[in-house]
Amino acid sequence: MSDLDRKSEAILRILSQDGRIPNIELADRVGLSPSACLRRVQELERQRVITGYRAVIDPTQTGIGFIAYVTVGLSKHTKAAQAEFERLMRASPQVRECHNITGTVEYLLRVEARDLAAYKQFHTEYMGAFPFLDRITTMVVMGSPKDERA
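Definitions and limits used
Residues numbered from 1 in each chain as written. Predicted model: local features only at pLDDT ≥ 70, side-chain atom pairs only at ≥ 80, totals over all residues. Heavy atoms only, no water. Salt bridge = Lys/Arg side-chain N within 4 Å of Asp/Glu carboxyl O. Buried < 20%, exposed > 50% of the residue type's maximum accessible area, 1.4 Å probe, protein only. Pairing = 2+ DSSP bridges. Helix = DSSP H or I, 4+ residues; strand = E, 2+ residues; numbered from the N terminus. Axes fitted to C-alpha atoms, helices over the stretch in contact; angles between N-to-C directions. Expected span 1.5 Å × (residues − 1). Arc of directions from axis to C-beta. Contact = heavy atoms within 4.5 Å. Polar contact = N/O pair within 3.5 Å; in protein donor to acceptor, adjacent residues only side chain to side chain. Domains from an automatic or database assignment. Core = buried A, V, L, I, M, F, W, Y, C linked by side-chain atoms within 4.5 Å.

**Here we look at the pattern of salt bridges**
- The tally for this structure, following the rule as stated, stands at 7 salt bridges.
- The partner of Glu 148 in a salt bridge is Lys 146, with the nearest N and O atoms 3.6 Å apart.
- Residue Glu 148 is classed as exposed on the basis of its relative accessible area of 64%.

**A look at the sheet that holds strand S1 (residues 66-74)**
- Reading across from one edge, S2-S3-S1-S4 is the order of the 4 strands in this open sheet, with antiparallel pairing throughout. The open sheet has two edge strands with one neighbour each: strand S2 (95-100) and strand S4 (133-140). When strand polarity is set aside, the average angle formed by the axes of neighbouring strands in this sheet is 20°.

**Some points on helix H1 (residues 6-17)**
- Taking 1.5 Å per residue, 12 residues should reach 16 Å; H1 reaches 17 Å between its end C-alpha atoms and fits that length.
- Every buried residue of H1 is accounted for by Ser 8, Ala 10, Ile 11, Ile 14 and Leu 15. Seen from one end, H1 has its buried residues packed into an arc of 160°, which puts them on one side. Across from the buried face of H1, at angles greater than 90 degrees, the exposed residues are Arg 6 and Gln 17.
- Contacts from the buried residues of H1 go to helix H2 (23-30) and helix H3 (34-46).
- If you check the start of H1, you find a side-chain oxygen 3.3 Å away from the backbone N of Lys 7, and it comes from Asp 5.

**A closer look at the domain arrangement of the protein**
- Partitioning the protein into domains gives domain 1 (6-47) and domain 2 (59-140).
- If you average the C-alpha positions of domain 1 and of domain 2, the two centres end up 36 Å apart.

**Quick notes on helix H4 (residues 79-91)**
- Compared with an ideal rise of 1.5 Å per residue, which puts 13 residues at 18 Å, H4 spans 18 Å between its outermost C-alpha atoms and is within 8% of the ideal.
- Turning to H4, its buried residues number three or more, namely Ala 81, Phe 85, Leu 88 and Met 89. Take H4 and look down its axis: the buried residues cluster within an arc of 100°, on one side only. Facing away from the buried side of H4, by more than 90 degrees, are the exposed residues Lys 79, Ala 80, Arg 90 and Ala 91.
- Lining the buried residues of H4 we find S1, S2, strand S3 (107-113) and helix H5 (116-127).

**Digging into the pairing of S2**
- In terms of strand pairing, S2 meets S3 through 5 bridges, oriented antiparallel. Within the sheet, the bridge partner assigned to Asn 100 lies in S3 and is Tyr 107.
- Connecting the antiparallel pair S2 and S3 is a turn made up of 6 residues, with Gly 103 showing a positive phi of about 120°.

**Structural notes on the nonpolar core**
- Residues Val 72, Phe 85 and Leu 109 are the most contacted members of the largest nonpolar core, which totals 18 residues.
- Those elements giving two or more residues to this core turn out to be S1, H4, S3 and H5.
- If you tally residues by element for this core, the top one is S1, at 5 residues.
- Among residues more than four places away in sequence, those in contact with Val 72 are Phe 85, Val 105, Glu 106, Tyr 107, Leu 109, Met 127, Leu 133 and Arg 135.
- Within the second largest apolar cluster, 12 residues are counted, among which are Ile 14, Val 30, Cys 37 and Val 41.

Dropping the structure here:
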């Protein structure tokens, strides 16, 4: 379902901003009847265009006071080394996102921790223990004037 029409694009745009919007309100905003709107949403879900719904959580309310983006370069560029690194990142609750990227490093991570001391422990004891680690660069988030992740 790669050829989305304007109604489906509007549905996706609205749902990405408010995944809990009532169907009747969504239908009204996109100019469809509630039953037609519901069928479209269900079809978008069936086709895996919509893959899920998430709550947006305020990290400060859950004890997260430190957020950083971390670039990671590996010293060994094998499929096995990458698979092992990705397995470790999936297992780490501090790593909220892990992206395999192009450029001078292999990965970009979004890391959330309680504070700088907790991040330092993660950095040295968890990341530092990976045998094929070449370099880590940490960029601390000072503010997020725009954040549309859900």
